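Below, each chain spelled out in residue letters.
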Amino acid sequence: MSVASSLAADLLAYLQTQGVDADAVGARAGIALRNGEDAPDRVPAAVMAALWREAVAASGDHDLGLHAGVAFQPGALDIVGYVMLSCRTAHEAIRRGARLMQLLNDSLAIDLEQTAVATRCRVRLLPTAGDDLRVDARNVIETLLAGLVHQLRLLTGRAVVPHAVHVRHARPTTGTREHARIFGLEPAFGADVDAIDIDHRDLDVPLRSANPQLLAAFESHAEATLEALRTRESLSARVLHEIVTQLKGEVPSIPLVAKSLAMSARHLQRGLANEGTTFQSLLDDARRELAVRHLSAPGATVAKVAWLVGFSEPSAFHRAFRRWTGHSPRALARHSA
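The shown structure was predicted, so the numbers you read here are calculated from the model rather than taken from an experiment.

Visitor: Describe the overall build of the protein, naming the residues involved and giving the relevant values.
Guide: The helix and strand tally for the protein stands at 19 helices and six strands. Relative to the compact-globule value of 20 Å for 337 residues, the protein shows a C-alpha radius of gyration of 21 Å, a close match. Its C-alpha atoms give the protein principal-axis dimensions of about 60 × 45 × 40 Å. Within the span of the protein, comprising 337 residues, buried residues form 50% of the whole. Look at the contacts in the protein between residues 6 or more apart in sequence, and 67% of them connect residues 24 or more apart. Per element, the accessible surface of the protein, about 16300 Å² overall, is 54% carbon and sulfur. Measuring between centres, the 37 positive side-chain charges of the protein sit 6 Å from its 37 negative side-chain charges.

Here you go:
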């Protein structure tokens, strides 16, 4: 999985404005984009996760996601930003931006849900999202939600205040003053979803930057780029599918999965590395998904599920499941009983 390099470059640029040595931060994370003319267009998700960790540590800013979200430059959104800017209304801009989300971060998806008075923008982690994002998604989620509000304010010229903000992570021990200042209200922490509810009246505003001709051109380019990304990164999805299919009490090996896909083990590993992931990471994703699915079934036992997802020792399964979800497998099995 990967992230648009423009987002990484924007975060580094923000750090520089705060007096942080952005080059050193980028170097520690394994990235150097700020002055490179031939920089890659994508950054592996694991590298971006490392960049967030290094950025928080270097800046000492525990609310870095919020601050980077409202300080980002529109150019960080690249073609997605141009599409949104050319739309007729803010609602159309959000809808098209959600569709193109994978161009910015292909570990995430945005679903739009309509209520009587608001549109809910719900952020989902995709099954192939890496462990780094699953374990600590706070900065990514907060920068996305704060950036969305910031972008709406820029597009509409209105002081948009959402109806509600919901985040799954816990309330920060450092306080929530910045959340209230930036969103205009305090989010609901520990929620079941990561989402933001925007009043229809704010989304129905016509955009002064609307341009149907440019929109058609930008969207055509964005769709072609999205299709190329999906084609290029389809190997991860194919490998994940094969692992899920073959994972029935025994862990499939790399050579076995590679043979099923009519390629060599070396070619498979190299292809996954180019997409910013590994066979082990996809195996963990498959085990996690199948474990949750099996434990949710009536009559499921932890021992049986551990065997089904390829653990010979229940104790190892317990440790892995708690690392994946933060809960014990017994707790999920009892909840589903």
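Visitor: Just give me the short version of unusual backbone geometry, but keep the residues and values in it.
Guide: Notably, D78 is not glycine yet its phi reads approximately 50°, a positive angle. Looking at the element boundaries, D78 is found in helix 5 (residues 78-85). Despite not being glycine, A262 shows a phi value in the positive range, around 60°. Position of A262 relative to the elements: it lies in the loop between helix 14 (254-260) and helix 15 (265-274).

Visitor: Outline the packing of aromatic side chains, supporting the account with residue identities and numerical values.
Guide: Per the counting criterion, the structure on display carries three aromatic pairs. Grouped by ring-pair contacts, the aromatic residues F311, F317 and F321 constitute a single cluster. Positioned above the aromatic ring of F311, the side-chain terminus of R287 is 4.0 Å from the ring centre.

Visitor: Summarise the nonpolar core; cite the residues concerned and give the values.
Guide: L51, L145, F183 and I196 are the most contacted members of the largest nonpolar core, which has 69 residues in total. At nine residues, helix 9 (residues 138-156) tops the list of elements feeding residues into this core. Aside from chain neighbours lying at most four places away, what touches I196 is T119, R120, C121, L145, L148, V149, P162, A164, V165 and F183. Among the nonpolar cores identified, the runner-up in size contains 14 residues, and L235, A258, L272 and F279 belong to it.

Visitor: Explain the side chain of E92 to me, using residue names and the numbers behind them.
Guide: With respect to the helices and strands, E92 occurs in helix 6 (residues 90-99). Within the local environment of E92, its side chain forms a polar contact with the backbone nitrogen of R88, the two atoms lying 3.0 Å apart.

Visitor: Describe the sheet that holds strand 3 (residues 108-114), listing the residues and the values that go with them.
Guide: In sheet architecture, strand pairing relies on hydrogen bonds along the backbone and comes in two forms, parallel and antiparallel. On the basis of which strands lie adjacent, the open sheet formed by four strands has the order 3-4-6-5 and antiparallel pairing. Two strands lie at the open edges of the sheet, namely strand 3 and strand 5 (164-166), each paired on one side alone. For this sheet the average axis-to-axis angle between neighbouring strands, irrespective of direction, equals 20°. Where strand 4 (residues 118-125) lies against strand 6 (residues 194-199), six bridges are found, and the strand directions are antiparallel. In the strand pairing of strand 6, T119 is matched with I198. Against the sheet, helix 6 contacts strand 3 and strand 4, and its axis sits at roughly 145° relative to strand 3. Contacting strand 3, strand 4, strand 5 and strand 6, helix 9 runs over the sheet at an angle of about 10° to strand 6.

Visitor: An account of the pattern of salt bridges is needed here, citing residue identities and associated values.
Guide: Taken as a whole and assessed by the stated rule, the structure comprises 14 salt bridges. When the shortest N-O distance is used, the salt bridge between E54 and R28 registers 3.0 Å. Of the two residues, E54 is situated in helix 3 (residues 45-59) and R28 in helix 2 (residues 22-29); the sequence distance between them amounts to 26 residues. R28 sits in the partly exposed class, given a relative accessible area of 48%. Residue R181 is joined to E178 by a salt bridge in which the shortest nitrogen-to-oxygen separation is 2.8 Å. Linking R181 with E178, this pair stays in helix 10 (residues 177-183), spanning three residues, or about one helical turn. Relative accessible area serves as the criterion here: at 17%, E178 is assigned to the buried category. A single salt-bridge network, built from bridges that share partners, covers D63, R138 and E142.

Visitor: Kindly report on the pairing of strand 6, identifying the contributing residues and their values.
Guide: Among the six residues in strand 6, six count as buried, and that is most of the element. A two-sided burial pattern is seen for strand 6, the buried positions comprising D194, I196 and I198 on one face and A195, D197 and D199 on the other. The sheet contact formed by strand 5 and strand 6 spans three bridges and is antiparallel. For V165, the partnering residue across the bridge sits in strand 6 and is I196.

Visitor: So what about helix 2? Which residues, and what values?
Guide: Listed in full, the buried residues belonging to helix 2 are A22, V25, G26 and A29. End-on view of helix 2: buried residues confined to an arc of 95°, all on one side of the axis.

Rules used throughout
Residues numbered from 1 in each chain as written. Predicted model: local features only at pLDDT ≥ 70, side-chain atom pairs only at ≥ 80, totals over all residues. Heavy atoms only, no water. Helix = DSSP H or I, 4+ residues; strand = E, 2+ residues; numbered from the N terminus. Rg over C-alpha atoms; globule rule 2.2 N^0.38 Å. Buried < 20%, exposed > 50% of the residue type's maximum accessible area, 1.4 Å probe, protein only. Contact = heavy atoms within 4.5 Å. Areas by Shrake-Rupley, 256 points an atom, 1.4 Å probe, with all protein chains shown as cover. Lys, Arg positive; Asp, Glu negative; His and termini not counted. Charge placed at Lys NZ, Arg CZ, Asp CG, Glu CD. Phe/Tyr/Trp six-rings, centres within 6.5 Å; stacked < 30°, edge-to-face > 60°. Lys NZ or Arg CZ within 6 Å of the ring centre and 35° of its normal. Core = buried A, V, L, I, M, F, W, Y, C linked by side-chain atoms within 4.5 Å. Polar contact = N/O pair within 3.5 Å; in protein donor to acceptor, adjacent residues only side chain to side chain. Pairing = 2+ DSSP bridges. Axes fitted to C-alpha atoms, helices over the stretch in contact; angles between N-to-C directions. Salt bridge = Lys/Arg side-chain N within 4 Å of Asp/Glu carboxyl O. Arc of directions from axis to C-beta.

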